[in-house]
Amino acid sequence: MTLIVNTLVALMDKLRRALSGDEGSSCDEERGFVGQTFDASTLSWSTRLKGFVACFVLGIILSFLGSLCLFLGKGIVAFTLMYTLGNLVSLGSTCFLMGPVNQVKKMFAPTRVIATVMMFVMFGLTLYAGIG
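Residues numbered from 1 in each chain as written. Predicted model: local features only at pLDDT ≥ 70, side-chain atom pairs only at ≥ 80, totals over all residues. Heavy atoms only, no water.

Description of the overall build of the protein chain
Of the regular secondary structure elements, the protein chain holds 7 helices and 0 strands. Mapped in sequence order, the helices and strands of the protein chain form the string α-α-α-α-α-α-α. Taking as baseline every contact in the protein chain between residues at least 6 positions apart, the subset at least 24 positions apart corresponds to 54%. Of the roughly 8700 Å² of accessible surface on the protein chain, 71% is carried by carbon and sulfur atoms. (Helix = DSSP H or I, 4+ residues; strand = E, 2+ residues; numbered from the N terminus. Contact = heavy atoms within 4.5 Å. Areas by Shrake-Rupley, 256 points an atom, 1.4 Å probe, with all protein chains shown as cover.)

Quick look at the structure:
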C-alpha cells in the first residue's frame, strides 16, 4: 500500500510541476489553478494525497456497508445513514486535493450549480425516505 501511495505522490508531483508552469512568475493568472492551490494550502502534497485516499476509501466502505445492510435485512435506516454518509465522505475527500473553499467554489460554479443542488436534494430525500 505504501508503494502505491509513494508512486501516486511521485506522479502527482510531476503533474503539479507540469501544470504549474513558471514558478518564478508573480502573476496569479500565469501560475494557474494548481499553483495557486498549492500556495494556499498548509498541507504537503503527500499529506493531502494520503488524506484524499483515506477519506475516499472510507466513503466507499461506508457506502458498501450501507448497501450490505439493505440486502442483509438490517433495516432501511442503517442503509440510509451509512450510504449517505459514505457519499458525503467520498465527496469531502476531494477537499484534500483542492481545499474546501475551492471545492465549494467549483461545485457552485454556474455550469455545476444545478448538479450540486440536485445532489444535495437527493441526499436529503434519501434521508427523508429512510428515516422519515
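Here we look at the packing of aromatic side chains
Evaluation of the coordinates by the stated rule reveals 3 aromatic pairs. Between the aromatic rings of F52 and F56, the centroid separation amounts to 5.8 Å while the plane-to-plane angle is 20°, which identifies the pairing as stacked. In this pair, F52 and F56 both sit in helix α3 (residues 45-71), 4 residues apart, roughly one turn of the helix. Taking the relative accessible area as the measure of exposure, F56 reaches 36% and is therefore partly exposed. Geometrically, the ring pair formed by F79 and Y83 is stacked, given 5.2 Å between the ring centres and 25° between the ring planes. Of this pair, F79 and Y83 both sit in helix α4 (residues 76-93), 4 residues apart, which is roughly one turn of that helix. (Phe/Tyr/Trp six-rings, centres within 6.5 Å; stacked < 30°, edge-to-face > 60°. Buried < 20%, exposed > 50% of the residue type's maximum accessible area, 1.4 Å probe, protein only.)

Here we look at a nonpolar patch on the surface
On the surface, L88, V104, F108, I114, V117, M118, F120, V121, M122 and L125 cluster together into a nonpolar patch covering about 880 Å² of accessible area. A total of 7 residues in the nonpolar patch trace back to one element, the largest contributor, which is helix α7 (residues 113-131). The topology assignment puts I114 in helix α7. On the basis of relative accessible area, I114 is assigned to the exposed category, the value being 66%. (Patch = residues over 30% accessible without salt bridge, like charges linked within 9 Å, V, L, I, M, F, W, Y side chains within 5 Å. Salt bridge = Lys/Arg side-chain N within 4 Å of Asp/Glu carboxyl O.)

As for the UniProt feature "transmembrane region" (unreviewed entry) in the protein chain
When the UniProt feature table is mapped onto this chain, "transmembrane region" (unreviewed entry) is found at residues 51-73, 79-101 and 113-131. Helix and strand shares over residues 51-73 are 91% and 0% respectively, and the end C-alpha atoms of the span are 33 Å apart. Secondary structure content for residues 113-131 is 100% helix and 0% strand, and the end C-alpha separation is 27 Å. (UniProt positions renumbered as here; feature names shortened; annotations may be inferred.)

Quick notes on α3
In a regular helix each residue adds 1.5 Å, so 27 residues correspond to 39 Å; α3 covers 39 Å between its end C-alpha atoms and thus fits that length. Here α3 has its buried residues at W45, R48, L49, G51, G59, L62, S63, G66 and C69. Following α3 by one or two positions, G73 has its phi on the positive side, about 80°. (Expected span 1.5 Å × (residues − 1).)

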